[in-house]
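Notes for the structure review
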Amino acid sequence: MKKSVKIILIVLAALLVVSGTLVAVFWDTAKNFVAKTTKTPTEYYTYVENANLENTASALYGLLNVDEATKEFKIAQSSSAKLELGEGISEVFTIFGVEDAVDISWFKSVEASFVSNSSNKKSGGDFKLSLNDKELVSGAFVADIDNDNIYFSVPLLTDDKFIKISTKDLLEDEEIVYPDGSIAGTESTIFGKLMGEDMTYIYDVLPTEEVLSKLLVKYFNIIVNNLGEAEKSSADLTIGNVTQSCTLITLVIDEKEFYEALKSVLTEAKADKEIEKIVRDFAKAIEENEDEAYSSFSKGIDEALADLDESLEKVKEKTAEELSKETVTLKTWVDRKGNVVARAFVAEDDELFIGTTKDGSKVATEARLSANEDEDSEEIITVKFSGQGEIDGQKLKGEYKALYNDKAFLKINVKDFDLGGLKKDFRLLGDFTVSVGENWKEIAFDEDDDEEIPNEVISFIDGLEIEFSAKEKSGSFEIFVNGKSGIKLSAEATEKEYTELDALRKLDCKAKKPALIFTYIFGSFSAIILGAGMSLITTDIGKI
């Protein structure tokens, strides 16, 4: 092969690689440009929202963690939760005038720690309660989920014996009695609902992500098809000091269109086999009659349709001018990739706006609700959360404020906020500091109020600061008073090697049935310890 031919082939290959890379990088932008250019405003709005709804379905399943929740699991953890008091707590007592009546100078900290093994079938381990870093009491527990038994052992109280409690004894049904004395049926006790019922059926009746996505898109399209034509225009959206070029889609909905859209949705839902399957599956999961459940569902739709027909008849009596005065305007700002940047819902003087603009590493966010204080007043009340920051990789750092009529009553500083965790499964990981805003006194205290607020109270509130820190496997919450730590709650969990709980059969032979009075006393004490422990064991403490 000639050298010139080789060079040409190399150049062509390089061009193909570069072209492929550019297509991959700018694919969303190119696809959105084509849709924006070739589709009508209403078709483009449908296109944007359909993609958004598919992402919503995916995000919902990520939030519910459906795949992980339905799997067999084996978890081993060492976890702890600790409460500490600092110097700042004395200032709290002083403000409330109880510094002489309450002496807790001896109290420094209390900590509950656990080493546990958990699975779908059984859970168990050791626990320890410490006061001022000295062990107060320790013990062991095993929960036999298959046989509805819980075993406790606290050597201080039971020597080497285990106390066996059957959850079935605690989950007896109670009669539901109406005021007239008639009995409606039975329901499990509240304790039973919290401790004994298997809630995994919820995952069994959920439609698949694909079905949910299809349903969301289907019914959104039905709604849009019953509305008027949308409008489309280029618009710059500015939040704070950050401006982003967008496409603005505006859709005005009147009362008649709203009722007709809702009627079409309900009519289709009644005939929808996927909806019927979801209703029947749910009824079956909670052991209700499927036919009766679906019949009740259909009856509810029929009643709603009858109400809508009445409303539509009344609307027909209104003139076009009257209908034009009672509209809701939907505004949607879309970026060059087709992602929704912001939304606004406007009805007369009322407005709800939520949006985030981005320019390079700078990002600004605002959520705003404006409304009339009452029908007879023209005064507009505005509550707003806004601020801006910078993104470094997947981490956000910024300053935000909560405002009432543009007066700040809260300040929030954010550091190392994990945007990746938020996008993936709504985890709020990072460091957050909350303090009062510079205008809090104007909002909290009425200018016409003759009662004077003590300076020490104002100084106390000005000096309050709350710090949250959430990591993958640890978290903390701390309140500072004038720069001094008042109270701190922290928790952490680390993974360990899982070991099987083979001693259940021996436990059952060794366990003693407690006396009734002892069961009540010890059960209350253990429920506090076990409740906190199981919360740490069965959840990822870094996920908030």
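Rules used in this analysis
Residues numbered from 1 in each chain as written. Predicted model: local features only at pLDDT ≥ 70, side-chain atom pairs only at ≥ 80, totals over all residues. Heavy atoms only, no water. Helix = DSSP H or I, 4+ residues; strand = E, 2+ residues; numbered from the N terminus. Contact = heavy atoms within 4.5 Å. Areas by Shrake-Rupley, 256 points an atom, 1.4 Å probe, with all protein chains shown as cover. Patch = residues over 30% accessible without salt bridge, like charges linked within 9 Å, V, L, I, M, F, W, Y side chains within 5 Å. Salt bridge = Lys/Arg side-chain N within 4 Å of Asp/Glu carboxyl O. Lys, Arg positive; Asp, Glu negative; His and termini not counted. Charge placed at Lys NZ, Arg CZ, Asp CG, Glu CD. Phe/Tyr/Trp six-rings, centres within 6.5 Å; stacked < 30°, edge-to-face > 60°. Axes fitted to C-alpha atoms, helices over the stretch in contact; angles between N-to-C directions. Left-handed = near helix turned anticlockwise from the far one by under 90°. Nonpolar A, V, L, I, M, F, W, Y, C, P; charged D, E, K, R; others polar. Buried < 20%, exposed > 50% of the residue type's maximum accessible area, 1.4 Å probe, protein only. Pairing = 2+ DSSP bridges. Polar contact = N/O pair within 3.5 Å; in protein donor to acceptor, adjacent residues only side chain to side chain. Expected span 1.5 Å × (residues − 1). Parallel < 35°, antiparallel > 145°, perpendicular 65-115°, else oblique. pLDDT = per-residue confidence, 0-100.

1. Examining the overall build of the protein
When helices and strands are tallied, the protein shows 18 helices and 21 strands. Sequence-distant contacts in the protein: of pairs separated by 6 or more residues, those separated by 24 or more amount to 53%. With an accessible surface of roughly 33,700 Å², the protein has 55% of that area assigned to carbon and sulfur atoms.

2. Focus on a negative patch on the surface
Taken together, the side chains of Glu-348, Asp-349, Asp-350 and Glu-378 define an acidic patch exposed on the protein surface. Positionally, Asp-350 belongs in strand E13 (residues 350-359).

3. Comments concerning the packing of aromatic side chains
Taken as a whole and judged by the stated rule, the model has 10 aromatic pairs. On the numbers, 6.2 Å between centres and 25 degrees between planes, the contact of Tyr-44 with Tyr-47 is stacked. Residue Tyr-44 and its partner Tyr-47 are both found in helix H2 (residues 41-64); the two are separated by 3 residues, about one turn of the helix. The interplanar angle of 90 degrees and the centroid separation of 5.6 Å between the aromatic rings of Trp-106 and Phe-107 together place this pair among those described as edge-to-face.

4. Brief notes about the packing of helix H9 (residues 209-225) against helix H10 (residues 255-271)
At a minimum axis distance of 8 Å, the contact between H9 and H10 shows a crossing angle of 145 degrees. Our pair here, H9 against H10, has a crossing hand that is right-handed. Residues Lys-218, Tyr-219, Ile-222 and Ile-223 of H9 form the contact with H10, whose own contacting residues are Ala-261, Ser-264, Val-265, Glu-268 and Ala-269. A class-by-class count of the residues in the contact of H9 with H10 yields 6 nonpolar, 1 polar and 2 charged.

5. Here we look at the side chain of Glu-478
Considering the arrangement of structural elements, one finds Glu-478 in strand E20 (residues 474-481). For the buried residue Glu-478, which engages in no salt bridge, the nearest side chain bearing the opposite charge is Lys-488, 4.3 Å off. With sequence-adjacent residues up to four places away left out, Glu-478 is seen in contact with Glu-465, Ile-466, Glu-467, Ser-485, Ile-487 and Lys-488.

6. Describing a nonpolar patch on the surface
A surface patch of nonpolar side chains, amounting to about 350 Å² of accessible area, comprises Phe-345, Leu-352, Ile-354 and Leu-369. Within the secondary structure layout, Leu-369 lies in strand E14 (residues 362-372). Relative accessible area serves as the criterion here: at 45%, Leu-369 is assigned to the partly exposed category.

7. Details of the pairing of strand E11 (residues 327-334)
In terms of residue burial, E11 counts as a mostly covered element, since 6 of its 8 residues are buried. Where E11 hands over to strand E12 (residues 340-347), the hairpin turn is made up of 5 residues, of which Gly-338 adopts a positive phi near 90 degrees.

8. Looking at the pattern of salt bridges
Counted by the stated rule, this structure contains 23 salt bridges. Between Glu-442 and Lys-407 there is a salt bridge, with the nearest N and O atoms lying 3.3 Å from each other. One end of the pair, Glu-442, is in helix H15 (residues 440-444); the other, Lys-407, is in strand E17 (residues 407-418), and 35 residues separate them in sequence. Classification of Glu-442 by relative accessible area gives partly exposed; the value is 44%. Exposure remark for Lys-407: the relative accessible area of 33% places this residue in the partly exposed category. Linking Lys-471 and Asp-431 is a salt bridge whose minimum nitrogen-to-oxygen distance equals 3.2 Å. Of this pair, Lys-471 sits in the loop between strand E19 (464-470) and E20 while Asp-431 is found in strand E18 (residues 430-436), placing the two residues 40 residues apart along the sequence. Judged by relative accessible area, which is 23%, Asp-431 ranks as partly exposed.

9. Notes on the side chain of Asp-335
Assignment of secondary structure puts Asp-335 in the loop between E11 and E12. In terms of polar contacts, Asp-335 uses its side chain to reach the backbone amide nitrogen of Asn-339, at 2.8 Å. Not counting chain neighbours up to four residues away, the residues in contact with Asp-335 comprise Asn-32, Gln-244, Ser-245 and Val-341.

10. As for the pairing of strand E9 (residues 231-239)
In terms of strand pairing, E9 meets strand E10 (residues 242-254) through 9 bridges, oriented antiparallel. Within E10, the position partnered with Thr-238 by the bridge is Thr-243. Hairpin remark: E9 followed by E10, antiparallel, with 2 residues in the connecting loop; positive phi at Gly-240, about 65 degrees.

11. Some thoughts on helix H12 (residues 290-316)
Here H12 contains 27 residues, and its C-alpha end-to-end distance of 39 Å stays within 8% of the 39 Å for a straight helix at 1.5 Å per residue. All of the buried residues in H12 are Tyr-294, Ser-298, Ile-301, Leu-305, Leu-308, Leu-312 and Val-315. Structurally, H12 contributes buried residues whose contacts are with H10, helix H11 (273-285) and helix H13 (320-325). Capping the start of H12, Asn-289 holds a side-chain oxygen 3.0 Å from the backbone nitrogen of Asp-291, two or three residues further along.

12. Describing the packing of H9 against H11
Between H9 and H11, the least distance of the axes is 11 Å, while the angle of their chain directions is 130 degrees. Here H11 runs oblique to H9, going by the angle between their axes. Here H9 and H11 pass one another in a crossing that is left-handed. Where H9 abuts H11, its residues Val-211, Lys-214, Leu-215 and Tyr-219 lie against Glu-274, Ile-275 and Ile-278. Grouping the constituent residues of the contact of H9 with H11 by class yields 5 nonpolar, no polar and 2 charged.

13. Some details on the confidence of the model for the protein
Taken residue by residue, the protein gives an average pLDDT of 78. The fraction at 70 or more is 73%. Here residues 15-25 is modelled with pLDDT under 50, and outside its nearest four sequence neighbours on either side it reaches 1 contact, counting other chains as well. Confidence drops under pLDDT 50 across residues 173-197; counting only partners more than four residues distant or on other chains, this segment forms 30 contacts.

14. Remarks on unusual backbone geometry
Despite not being glycine, Glu-348 shows a phi value in the positive range, around 55 degrees. In this fold, Glu-348 is placed in the loop between E12 and E13. Its identity as a non-glycine residue notwithstanding, Asn-405 has a phi of 50 degrees, on the positive side. Note on placement: Asn-405 falls in the loop between strand E16 (395-404) and E17.

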